[in-house]
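# Results of the structural survey
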Amino acid sequence: MPKLDFNVITMGHGSGGILTHKLLDAGVFDLLKNDHLAEQHDGAILELSGKSAFTTDSFVINPIFFPGGNIGELAVYGTVNDLAMCGAIPKYLSLGFILEEGLPMEEFWNILVSIKYACEAAGVQVVTGDTKVVDKGKGDKVFINTTGIGTVLPEAKISVNNIEAGDCIIVSDQLARHGIAIMSVREGLEFESDIESDTRDLSKVVKASIEKFESGLHVLRDATRGGVATVLKEMAEKCNLGMDLEYKDLPINESVHGACEMLGLDPMYVANEGVFVSIVSREIADEYVEFLRTHDASQSASIIGTVTENHPKQVIMTSAIGGRRAMSMLPGEQLPRIC
């Protein structure tokens, strides 16, 4: 962190004047430097070719630092992953900060450093942004808004309309780690082993999957707020087909499973930040799972169910002892401010 003549964010840092420029020059522009950002213009002029994907997201997580990450890298990876689920290669991000008066500069610097490393890992550039400051007590340290733009892979044929009876439902990795990591910090809980958030870049494994399996991948969705159950219920309603799931096939870390039982949480509804759901043709399912397991981001990939013409729009879970229950969307807020 460079030497600055201020230790905390003040209202003056949002004025657009000298303090704003000191903050941006010493932090954002230096750490995230690229040709687009160097223009320091009101926006960025980009050259795009072919079909493009466009997404936006906001991040209000509490706490802003948590086991396995912080709000900065979460903002980058969350936006990048949304683009990847569209079958796109992420290219450019916008970054908007809403800072609370009194935020320690050291904390803001650590967030910026995490954003820098996350952008490098994901191969994206921050090309434009904005910074505002609100009075102490009117915010909660820092909120981040992002926009992402990517180039859609020509092989990508990602649409809920592609789902067919007989398709296999696959999750890319262990469930519920992010939500339980956040809850452990909020509630001061300790477990036998450290549980860390799974926040990470999924774009590379998704790109490789699309290039290899092409139209065999029917739908991709990241299972963030509302968890896997909510994602599947949304898709079942849109495609007018049913889904049958097997609880015994869910990849869940033992410590996470124990934490969910202790807290009365269903891991199917707990948020993830590094897990995506794939619905793929039955013919490629086994090969696809083995392929995913060769990548660091999806080592625990598993087939958890199938699409069926029975019980349209319903997602039915079969328990470890054979009981069956319908899974609805998350009816309320299970874990507030999870991302």
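Data block above holds the structure.
The present account deals with the structure reproduced in this document. (Residues numbered from 1 in each chain as written. Predicted model: local features only at pLDDT ≥ 70, side-chain atom pairs only at ≥ 80, totals over all residues. Heavy atoms only, no water.)

### Topic: the overall build of the protein
Each helix and strand in the protein was counted, giving 9 helices and 13 strands. Radius of gyration (C-alpha) of the protein: 21 Å, near the 20 Å computed for a compact globule of 339 residues. Principal axes of the C-alpha set define a box for the protein whose edges measure 65 × 50 × 30 Å. The contacts in the protein between residues at least 6 apart in sequence include a share of 85% that link residues at least 24 apart. Working note: accessible area of the protein is about 15200 Å², and carbon and sulfur atoms make up 48% of it. (Helix = DSSP H or I, 4+ residues; strand = E, 2+ residues; numbered from the N terminus. Rg over C-alpha atoms; globule rule 2.2 N^0.38 Å. Contact = heavy atoms within 4.5 Å. Areas by Shrake-Rupley, 256 points an atom, 1.4 Å probe, with all protein chains shown as cover.)

### Describing the sheet that holds strand β11 (residues 302-308)
Within the open sheet, the 7 strands sit side by side as β8-β10-β7-β11-β9-β12-β13. Their pairing is mixed. The sheet is open, and its two edges are formed by β8 (217-222) and β13 (324-327), each paired on a single side. Ignoring strand direction, the axes of neighbouring strands in this sheet form an average angle of 25°. Sheet analysis places strand β12 (residues 315-318) next to β13, joined by 4 bridges and oriented antiparallel. What sits directly across from Val315, in β13, is Met327. Across the sheet, helix α3 (residues 71-85) lies against β8 and β10 (276-280), angled at about 165° from β8, the strand it touches most. (Pairing = 2+ DSSP bridges. Axes fitted to C-alpha atoms, helices over the stretch in contact; angles between N-to-C directions.)

### Describing helix α5 (residues 177-187)
Counting buried positions over the 11 residues of α5 gives 8, a clear majority of the element. Every buried residue belonging to α5 is among Arg177, His178, Gly179, Ile180, Ala181, Ile182, Met183 and Ser184, and all of these are buried. The positive-phi residue at the C-terminal boundary of α5 is Gly188, with phi of around 65°. (Buried < 20%, exposed > 50% of the residue type's maximum accessible area, 1.4 Å probe, protein only.)

### A short note on the nonpolar core
The biggest cluster of nonpolar side chains holds 82 residues, and the ones touching the most others in it are Phe97, Leu232 and Met268. The greatest single-element share of this core, amounting to 10 residues, is contributed by helix α4 (residues 105-122). Look past the residues within four positions of Leu232 in its chain and what remains in contact with it is Ile169, Met243, Leu245, Val277, Ile304 and Val315. Counting 27 residues, the second-largest nonpolar core is a separate cluster that includes Leu220, Phe276, Ile284 and Ala297. (Core = buried A, V, L, I, M, F, W, Y, C linked by side-chain atoms within 4.5 Å.)

### A word on α3
Look at α3: 21 Å from first C-alpha to last across 15 residues, which is about the 21 Å you get at 1.5 Å a residue. Within α3, 15 of the 15 residues are buried, which leaves the element mostly enclosed by the surrounding structure. Its side-chain oxygen 2.7 Å from the backbone nitrogen of Gly72, Asn70 forms the N-cap of α3. Looking one or two places after α3, you find Gly87, whose phi comes out positive at around 80°. (Expected span 1.5 Å × (residues − 1). Polar contact = N/O pair within 3.5 Å; in protein donor to acceptor, adjacent residues only side chain to side chain.)

### Quick word on the pairing of β8
Most of β8 sits inside the fold, with 5 of its 6 residues counted as buried. Bridging between β8 and β10 involves 5 bridges; their strand directions are antiparallel. If you follow Leu220 over to β10, its bridge partner there is Ser278.

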